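# Overview (structure and organization)
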Amino acid sequence: MFEQLDAQARQVVEAGIAEAHRYGHGWLGTEHLLIGGLMYRSVLPIGAQALLPDADQLRCQLLEGRWPKPASTLSDETLLASLGIDIHEVRRRAAETFGTEAVQLAALRVRPRTGRRRRQLRKRMRMRRCERLPRCLTLIPGESLTLAPRVKEAFERASKRAGQRGEPSISAPVLLAALLGVRGALAAELLEARGVHLRRVRAALDPG
């Protein structure tokens, strides 16, 4: 996934990773990548630059929780993310601890099974868990951070779009356009809260 990025897109991702570390977050989220993109706004089309806020403005919005819209309209996920809590990771750990698979694994310790049968059962349960929980996080190579589900979706969208454009790698504008196209992404909500028109930004980043 990361090997598909061009040099400028890699700079954006690296800046996003640095932002995640700055906040002490254990994941790379859409909000981190958006700030990373704003830090390298010179690589973006002029039209998109004019529509986007400064990176420092978005940092203050995240750090101080300054949301122009009422808090009652925010989703639980957004509110928890602003506090540094990843609700998807909490759900995943709860499923691992209290879900059906945890009970079955406990039963393995009681019921005698052959070593081969035990390994097969554990493998099957891991596969079922990933199928049922598409929001499982993926570890970023060489990093202690995990990849938030919506960031993974954005990478997949960007890769598909680059292929449609006949480009060998994902550019920074295409990556950010895909990022803002993910439904429910915190990056998009932050911009909307500032009155930014997302469709115009995406069109400026990735015309046609």
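Below is a summary of the structure that appears in this document.

Criteria and thresholds
- Residues numbered from 1 in each chain as written.
- Predicted model: local features only at pLDDT ≥ 70, side-chain atom pairs only at ≥ 80, totals over all residues.
- Heavy atoms only, no water.
- Helix = DSSP H or I, 4+ residues; strand = E, 2+ residues; numbered from the N terminus.
- Buried < 20%, exposed > 50% of the residue type's maximum accessible area, 1.4 Å probe, protein only.
- Contact = heavy atoms within 4.5 Å.
- Areas by Shrake-Rupley, 256 points an atom, 1.4 Å probe, with all protein chains shown as cover.
- Polar contact = N/O pair within 3.5 Å; in protein donor to acceptor, adjacent residues only side chain to side chain.
- Salt bridge = Lys/Arg side-chain N within 4 Å of Asp/Glu carboxyl O.
- Core = buried A, V, L, I, M, F, W, Y, C linked by side-chain atoms within 4.5 Å.

## Description of the overall build of the protein
- When its secondary structure is counted, the protein shows twelve helices and three strands.
- Residues classed as buried in the protein amount to 44% of the 208 residues present.
- Across the protein, contacts joining residues at least 24 apart in sequence account for 62% of those joining residues at least 6 apart.
- In the form shown here, the protein has an accessible surface area of approximately 11,600 Å², with 52% of it arising from carbon and sulfur atoms.

## A few points about helix H2 (residues 30–39)
- Among the ten residues in H2, nine count as buried, and that is most of the element.
- Among the residues of H2, those classed as buried are Thr30, Glu31, His32, Leu33, Leu34, Ile35, Gly36, Gly37 and Leu38.

## A look at the side chain of threonine 30
- With respect to the helices, strands and loops of the structure, threonine 30 is situated in helix H2.
- At 3.1 Å, the side chain of threonine 30 and the backbone nitrogen of alanine 187 are in polar contact.
- In contact with threonine 30, other than residues within four places in its own chain, are Arg150, Val151, Leu179, Ala185, Leu186 and Ala187.

## With respect to the pattern of salt bridges
- Counted according to the given criterion, the structure contains eight salt bridges.
- The shortest N-O distance in the salt bridge between arginine 59 and glutamate 19 comes to 2.9 Å. Pair noted here: arginine 59 is in helix H4 (residues 55–64) and glutamate 19 is in helix H1 (residues 7–23), with a separation of 40 residues, a long-range link.
- Overall, arginine 59 belongs to the buried group, its relative accessible area being 11%.
- For the salt bridge of arginine 41 with aspartate 54, the shortest nitrogen-to-oxygen distance reads 3.9 Å. You can see arginine 41 sitting in the loop between H2 and helix H3 (46–51) and its partner aspartate 54 sitting in the loop between H3 and H4, a full 13 residues away along the chain.
- Put simply, Glu19, Arg22, Asp56 and Arg59 are held in one network by salt bridges that share partners.

## Things to note about the nonpolar core
- If you look at the biggest cluster of nonpolar residues, it comprises 49 residues, and the most contacted ones within it are Leu5, Val13, Phe155, Leu191 and Leu205.
- Looking at this core, the elements with two or more residues in it are H1, strand E1 (27–28), H2, H4, helix H9 (149–164), helix H10 (172–180), helix H11 (186–193) and helix H12 (198–205).
- The biggest single contributor to this core is H10, with eight residues.

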